[in-house]
Amino acid sequence: MPGDTAIATVCLSGTLEDKLAAAAAAGFHGVEIFENDLIASRRTPSEIRRLCADLGLTIDLYQPFRDFEAVPPDVLRANLRRARRKFDLMAELGADTVLVCSSVSPDAVDDDDLAAEQLHELASLAASRGIRVAYEALAWGRFVNTYEHAWRIVRRAGHPALGVCLDSFHILSRRSDPRAIRTIPGEKIFFLQLADAPLLDMDVLHWSRHHRLFPGQGAFDLATFTGHVLAAGYRGPLSLEVFNDVFRQADPRPAAVDAMRSLVALRESVGALAVPEAPRLDGHAFAELAVPGTVLAELGFTHVGTHRSKPVHLWQQGSARLLVNAAAAEGTISALGLTSANPAGSARRAEDLLAPVLPRAHGPDEADLSAVAAPDGTEIFFCGNEEWLRDFVPTGAVPAGMGITGIDHVALTQPFDHFDEATLFYRSVLGLEPEPVSEFAAPFGLVRSRAVGNRDVRLTLDSALVRRGEWAPGVPSPQHIALACDDAIAVARAMREAGAPLLSIPGNYYDDLDARFDLPFSAALRENSVLYDRDSSGEFLHFCTELVGSRVFFEVVQRIGGYGGYGVVNTPVYMTAHRERRLSLAR
Ligand SMILES: O=C(O)c1ccc(O)c(O)c1
Ligand SMILES: [Mg+2]
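Since we're looking at a predicted model, the values are computed, not measured. (Residues numbered from 1 in each chain as written. Chains lettered and ligands numbered in written order. Predicted model: local features only at pLDDT ≥ 70, side-chain atom pairs only at ≥ 80, totals over all residues. Heavy atoms only, no water.)

Enquirer: Give a description of the site of ligand 1 that names residues and reports values.
Expert: Around ligand 1, the surrounding shell holds 14 residues, and the nearest of these are R66, D167, H170, R209 and E241. A distance of 3.3 Å separates an oxygen atom of ligand 1 from a polar side-chain atom of Q63. In the model, an oxygen atom of ligand 1 is placed 3.1 Å from a nitrogen or oxygen of the Q193 side chain. Protein contacts shield 99% of the accessible area of ligand 1, which totals 290 Å² for the unbound molecule. Residue classes in the shell around ligand 1 are distributed as five nonpolar, three polar and six charged. (Near = heavy atom within 4 Å. Polar contact = N/O pair within 3.5 Å; in protein donor to acceptor, adjacent residues only side chain to side chain. Areas by Shrake-Rupley, 256 points an atom, 1.4 Å probe, with all protein chains shown as cover. Nonpolar A, V, L, I, M, F, W, Y, C, P; charged D, E, K, R; others polar.)

So, in structure tokens, the structure goes:
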């Protein structure tokens, strides 16, 4: 059915039973049974059929059937024998469509007529069992590796039980133009498989088998692609087929929810699902963390409020508001408040995109703020105007400050197996656009970093590329709050004079900076351990505090002109400085 959702069992981790349970729990209508999962199961095809029925799952596809077409007669006979066995199995399984992927076999020859003739014979055999054959061009197929070529062969075969399977990865990875999909009659598009992916310059087979992503997590334009398929008249399910090293080892239950979220967002983007847009987020209302108030005072913040009923204190400088929550886990950024044009709408959007609003107690006269949990557990509050400030009893202190104007961005470290999930969450639930992923060599391995945001709200998602071993520090990657200012050097001086624990940057960094740029203020940068970067539209000055507690630090940033980055080029320098400082404190 159009709009139905399906997921290939290969996307998820666990046994076939684990996968089916996770798919059903996430609300999928159907599944593609990947042959390896069935072969390893102790359940007979009939039992699997019953299990799927009990779970409310249709079995939309059985796959893959490999290396069939354009082969010598003896190989064809063996392939047809194999097909008969698989069709017997499918009859027991109750699956009516089999995916035949284009051949990579050394037995195959480059002969479309022969391929058409043999696929016609296979389709006749399948039709006698009530089965349809969906022929898919693998991007690395030996002779057939484009959807146009697969369609030419299917059309030449001319059998009602033979159609094409379109797989977005095989088509978009080859930079094929998907517009010609519209020339394929909808009823000949037997199945649609969807996968996103980062743009990688690598062998397409490896790219496919390790780096596919759920729609919205990568760089493919799946909305346009899917629009062409639906415009052609395709009426089958939107099915996810994602081979991804992380998802195949992650808990299948949240992974299946993430997969479903990707289809909700994709269906919305092609007009197949009406979901209210994400209300605009137009600022950082607050960041909640557990750090000593004394440090905030040294950074120029003023304690301006005490929560009426919770152990939470409000500190402010400029428009930067920090909540110090004594009950939160020490040294973490536990919550972010984002100003929404329509907080209730933001909460409804979150629910529509499978991010449930967290249950939250509040006093009778306290603001009823809705919050959702981001994949890393950070609570995201939707704040309207500033009614939430009424929850704090003013201390009467007036914010003086050292030049901080507001929160520029917040850097949230993601467990490496939640990085792509986080990208989709912030994009689909909050409407924050992801920027390209950058990687840098930190002292303890490669770190992947991606910003998500809009003009007023910026977050950076950082993740180590592999789980940390014994060698790396026992703490997860630090998180930080980046504070905006108009004069980083002056603010650094003021904070240092106030006793703030600012991070010291080695002279080698400044020697290199002097070699690369001829800056009139290089001495002041060096003297105040301020880092520097520039891009084609502006400059970026920034500096950091030492770690405050176990894993949080502050960054102060000054953007000049239209600089839009985050100084990622300097991250390894301050991460090394953090490490050295921690070691010196430990001695
Ligand atoms: O990588 C593969 O072998 C493979 C198998 C079946 C598919 O549908 C596919 O897209 C890729
Ligand atoms: Mg496929």
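Enquirer: Break down helix α13 (residues 419-429) for me, with residues and values.
Expert: For α13, the tally of buried residues reaches 10 of 11 residues, placing the bulk of the element in the interior. Regarding α13, the residues found buried are F419, D420, E421, A422, T423, L424, F425, Y426, S428 and V429. (Buried < 20%, exposed > 50% of the residue type's maximum accessible area, 1.4 Å probe, protein only. Helix = DSSP H or I, 4+ residues; strand = E, 2+ residues; numbered from the N terminus.)

Enquirer: Explain the environment of H542 to me, and be specific about the residues and the numbers.
Expert: With respect to the secondary-structure elements, H542 resides in strand β24 (residues 538-544). Since its relative accessible area comes to 0%, H542 is described here as buried. C-alpha of H542 to C-alpha of N342: the two residues are 200 residues apart in sequence and 33 Å apart in space. Non-local contacts of H542, meaning those with residues more than four positions away in its chain, are made with V530, L531, Y532, E555, V556, V557, Y566, G567 and N570. Looking at H542, its side chain comes within polar contact range of the side chain of E555, at 2.7 Å. (Contact = heavy atoms within 4.5 Å.)

Enquirer: Can you explain the UniProt feature "binding site: a divalent metal cation" (unreviewed entry) in the protein chain? Please cite residues and give values.
Expert: Within this numbering scheme, the UniProt entry marks E136, D167, Q193 and E241 as carrying the feature "binding site: a divalent metal cation" (unreviewed entry). Their sequence span is 106 residues, while the largest C-alpha to C-alpha distance among them is just 12.8 Å; these annotated residues converge on one region. Within the element layout of this structure, E136 appears in strand β5 (residues 132-136). You can call E136 buried: its relative accessible area is 3%. Excluding anything up to four places from it in sequence, E136 contacts L99, V100, C101, S102, C165, D167, H170, Q193 and E241. Mapping E241 onto the fold places it in the loop between β8 (238-240) and α10 (252-269). The class for E241 is buried, based on a relative accessible area of 3%. Residues in contact with E241, not counting those within four places in the same chain, are A8, V10, C11, E32, F34, Q63, E136, D167, Q193, L194, A195 and R212. Reaching out from E241, the side chain makes a polar contact with the side chain of Q193 at a distance of 3.4 Å. (UniProt positions renumbered as here; feature names shortened; annotations may be inferred.)

Enquirer: How would you sum up the pairing of strand β7 (residues 189-194)? Please name residues and give values.
Expert: β7 sits mainly inside the fold: six of its six residues count as buried. The pairing of β7 with β8 spans three bridges and is parallel. Across the sheet, Q193 pairs through a bridge with S239, a residue of β8. (Pairing = 2+ DSSP bridges.)

Enquirer: Would you mind going over the coordination of the magnesium ion (ligand 2) in detail, with residue names and values included?
Expert: Those protein atoms acting as donors to the magnesium ion (ligand 2) are E136 (OE), D167 (OD), Q193 (OE1) and E241 (OE), and they sit at 2.1 Å. Taken together, the six donor atoms coordinating the magnesium ion (ligand 2) and their angles of 78 to 174° define a geometry best described as octahedral. Donor residues binding the magnesium ion (ligand 2) come from one chain and are separated in sequence as E-x30-D-x25-Q-x47-E. Here D167 lies in strand β6 (residues 162-167) and E136 lies in strand β5, a separation of 31 residues in the sequence. (Donors = N, O, S within 2.8 Å, 3.2 Å for Na, K, Ca; no water. Tetrahedral: all angles 85-135°; square planar, octahedral: opposite > 155°, others 65-115°.)

Enquirer: Can you tell me about helix α1 (residues 16-25), naming the residues and giving the values?
Expert: Here α1 has its buried residues at L16, K19, L20, A22 and A23. Viewed end-on, α1 has its buried residues packed into an arc of 165°, placing them on one side of the element. Buried residues along α1 sit against β1 (5-8), β2 (30-34), α2 (35-39), α3 (45-55) and α10. G27, located one to two residues past α1, shows a positive phi value of around 95°. (Arc of directions from axis to C-beta.)

Enquirer: If you had to explain the side chain of T423 to someone new, which residues and values would you point to?
Expert: Assignment of secondary structure puts T423 in helix α13. With a relative accessible area of 0%, T423 lands in the buried category. If we ignore the near neighbours within four places in the chain, the residues touching T423 are G216, Q217, P434, R450 and L461.

Enquirer: Tell me what's going on with unusual backbone geometry, and back it up with residues and numbers.
Expert: Put simply, Q63 and P64 share a cis peptide bond, and its omega is -5°. Mapped onto the elements, P64 comes out in strand β3 (residues 58-65). Residues other than glycine seldom take positive phi values, yet R175 does so here, at roughly 55°. Within the secondary structure layout, R175 lies in the loop between α7 (168-172) and β7.

Enquirer: Which residues make up the sheet that holds strand β12 (residues 320-325), and what values go with them?
Expert: Adjacent strands of a sheet form backbone hydrogen bonds with each other and so pair up, either parallel or antiparallel. Reading across from one edge, β14-β15-β13-β9-β12-β11-β10-β16 is the order of the eight strands in this open sheet, with mixed pairing throughout. Where the open sheet ends on each side, the last strands, each with one partner, are β14 (370-373) and β16 (392-394). Along the sheet, successive strands turn relative to each other by an average axial angle of 30°, direction set aside. The pairing of strand β10 (residues 302-307) with strand β11 (residues 312-317) spans four bridges and is classified as antiparallel. (Axes fitted to C-alpha atoms, helices over the stretch in contact; angles between N-to-C directions.)

Enquirer: Tell me what's going on with the pairing of strand β4 (residues 97-101), and back it up with residues and numbers.
Expert: The buried count for β4 comes to five of five residues, which makes it a mostly enclosed element. A crossover links β3 with its parallel partner β4, the connecting element being helix α4 (residues 73-93), and its sense is right-handed. Bridge count between β4 and β5: five bridges; the pairing is parallel. Directly across from C101, in β5, lies its bridge partner E136. Crossover connection from β4 via helix α5 (residues 112-127) to parallel β5: handedness right-handed. (Right-handed = clockwise from strand over helix to strand, strands pointing away.)

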